[in-house]
Amino acid sequence: MSQFPGVQFLTSAAAPAQFPPDQGWEMAVAGRSNSGKSSAINALLGRNGLARTSRTPGRTQLYNYFEVAPGRRLVDLPGYGHASVPGAIRATWGPMADALRQRESFAAVMVVVDCRRGVGELDLALIAWAARPPQRTHVLLSKSDKLPRGQALTALREAEAALEGIGSCQLFSAHKGVGLDDARAVLRRWLAEPTKK
Ligand code: GDP
């Protein structure tokens, strides 16, 4: 039984005009290229293959929208931090991102950070850009199965310190299901919030 039975792909937007109508509620999922973002979205929503990984990291600059529940959307943002993203495509990141942030329905942001890398400058820049309240900013420290328990806990403490007053975080592994219940609980809490309009 799927955790979010109504989940469905909505649309891919290459320009703000292609965003769904600005009604209801939406959350963004962001992360560096190769952070495990697609795997995290698929695990979170319980649907393999829903969010797809681009074979060329960093090339996909589409904003992929999913409906998680009626009027509640998840938007999968292009992975950031990849050196080979062509300049022209990178230039579209600004206007697209600004348009997204200005939407009434944009309520929350989840950021996927490889736990071995830790919360970095680009992640903090993304979080600052999103400028959502701390209770609606959550970081998944992904691929936690790749670290021994002690190192994973150290990574968690370091991330908590980096995110103090900014947002919450947790260990997560899409492959092993670590932290899946906690991450889904955050999503459910967000989904239960009233919409602005
Ligand atoms: P994206 O580019 O951020 O969307 O990342 P993907 O979800 O495509 O994952 C990038 C790579 O990390 C792939 O090789 C995945 O198999 C791997 N990966 C993702 N999540 C996990 C995880 O929880 N554990 C491990 N060990 N590898 C993972």
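Residues numbered from 1 in each chain as written. Predicted model: local features only at pLDDT ≥ 70, side-chain atom pairs only at ≥ 80, totals over all residues. Heavy atoms only, no water.

Trainee: Explain the site of the ligand to me, please; I cannot follow it from the model alone.
Mentor: Looking at the ligand, there are 14 residues lining it, with Lys-37, Ser-38, Ser-39, Asp-145 and Ala-174 nearest. Lys-143 has a polar side-chain atom sitting 3.0 Å from an oxygen atom of the ligand. The fraction of the free accessible surface of the ligand (570 Å²) that becomes covered by protein chains is 78%. Of the residues belonging to the shell around the ligand, the class tally is one nonpolar, eight polar and five charged. (Near = heavy atom within 4 Å. Polar contact = N/O pair within 3.5 Å; in protein donor to acceptor, adjacent residues only side chain to side chain. Areas by Shrake-Rupley, 256 points an atom, 1.4 Å probe, with all protein chains shown as cover. Nonpolar A, V, L, I, M, F, W, Y, C, P; charged D, E, K, R; others polar.)

Trainee: Looking at this structure, how should I read the nonpolar core?
Mentor: When a protein is soluble and globular, its nonpolar side chains tend to lie buried together. The biggest cluster of nonpolar side chains holds 32 residues, and the ones touching the most others in it are Tyr-63, Leu-77, Leu-100, Val-111, Trp-129, Val-139 and Leu-141. Looking at this core, the elements with two or more residues in it are β2 (25-31), β3 (63-69), α2 (87-101), β5 (106-114), α3 (121-130), β6 (137-142), α4 (149-162) and β7 (168-171). Setting aside chain neighbours within four positions, we find Val-139 in contact with Val-111, Val-113, Ile-127, Leu-163, Ser-168, Cys-169 and Gln-170. (Core = buried A, V, L, I, M, F, W, Y, C linked by side-chain atoms within 4.5 Å. Buried < 20%, exposed > 50% of the residue type's maximum accessible area, 1.4 Å probe, protein only. Helix = DSSP H or I, 4+ residues; strand = E, 2+ residues; numbered from the N terminus. Contact = heavy atoms within 4.5 Å.)

Trainee: What is the right way to look at the sheet that holds β6 in this model?
Mentor: Here we have seven strands laid out as an open sheet, ordered β1-β3-β4-β2-β5-β6-β7, and mixed in their pairing. Of all strands in the sheet, those with a lone pairing partner are β1 (8-13) and β7, marking the two edges. Each strand of the sheet is rotated relative to its neighbour by a mean of 25°, with strand direction disregarded. Across five bridges, β2 lies against strand β4 (residues 72-76) in parallel orientation. (Pairing = 2+ DSSP bridges. Axes fitted to C-alpha atoms, helices over the stretch in contact; angles between N-to-C directions.)

Trainee: Sorry if this is basic, but what is going on with the packing of aromatic side chains here?
Mentor: To describe a pair of aromatic rings, you give the distance between the ring centres and the angle between the ring planes. In total, this model carries four aromatic pairs according to the counting rule given. Ring centres of Phe-9 and Phe-66 lie 5.7 Å apart, and the angle between their planes is 70°; this geometry places the pair in the edge-to-face category. Of this pair, Phe-9 sits in strand β1 while Phe-66 sits in strand β3; the two residues are 57 residues apart in sequence, bridging distant segments of the chain. On the basis of relative accessible area, Phe-66 is assigned to the buried category, the value being 1%. Judged by centre distance (5.8 Å) and plane angle (65°), the rings of Phe-19 and Tyr-65 are edge-to-face. Placement of the pair is Phe-19 in the loop between β1 and β2 and Tyr-65 in strand β3, with a sequence separation of 46 residues. Across the pair, exposure class does not vary: Phe-19 and Tyr-65 are buried alike. (Phe/Tyr/Trp six-rings, centres within 6.5 Å; stacked < 30°, edge-to-face > 60°.)

Trainee: Hey, could you run me through helix α5 (residues 180-191) in this one?
Mentor: Residues spaced three or four apart along an α-helix face the same direction, because each turn holds 3.6 residues. Here α5 contains 12 residues, and its C-alpha end-to-end distance of 16 Å stays within 8% of the 16 Å for a straight helix at 1.5 Å per residue. Within α5, burial applies to Leu-180, Ala-183, Arg-184, Val-186, Leu-187, Trp-190 and Leu-191. In an axial view of α5, the angular spread of the buried residues amounts to 150°, which keeps them on one side of the axis. The exposed residues of α5 that point more than 90 degrees off its buried face are Asp-181 and Asp-182. (Expected span 1.5 Å × (residues − 1). Arc of directions from axis to C-beta.)

Trainee: Before we go on, may I ask you to explain the side chain of His-138 in this structure?
Mentor: Mapped onto the elements of the fold, His-138 is located in strand β6. Looking at His-138, its side chain comes within polar contact range of the side chain of Gln-170, at 3.0 Å. Discounting chain neighbours no more than four positions away, the residues touching His-138 are Val-109, Met-110, Val-111, Ser-168, Cys-169, Gln-170, Val-186 and Trp-190.

Trainee: Teacher, can you tell me more about the pairing of β3 here?
Mentor: In the case of a regular strand, side chains alternate between the two sheet surfaces. The element β3 is largely enclosed, with a buried count of six among its seven residues. With five bridges connecting them, β1 and β3 associate as antiparallel partners. Bridging across to β3, Phe-9 finds its partner in Phe-66. Taking the residues between adjacent antiparallel strands as the criterion, β3 and β4 are bridged by two residues, where Gly-71 takes a positive phi near 75°.

Trainee: Sorry if this is basic, but what is going on with the pairing of β6 here?
Mentor: When you tally the buried positions in β6, you get six out of six residues, the bulk of the element. Relative to β6, β5 is paired through six bridges, and the arrangement is parallel. The partner of Asp-114 across the bridge, within β6, is Ser-142. Alignment of β6 against β7, held across four bridges, turns out to be parallel.

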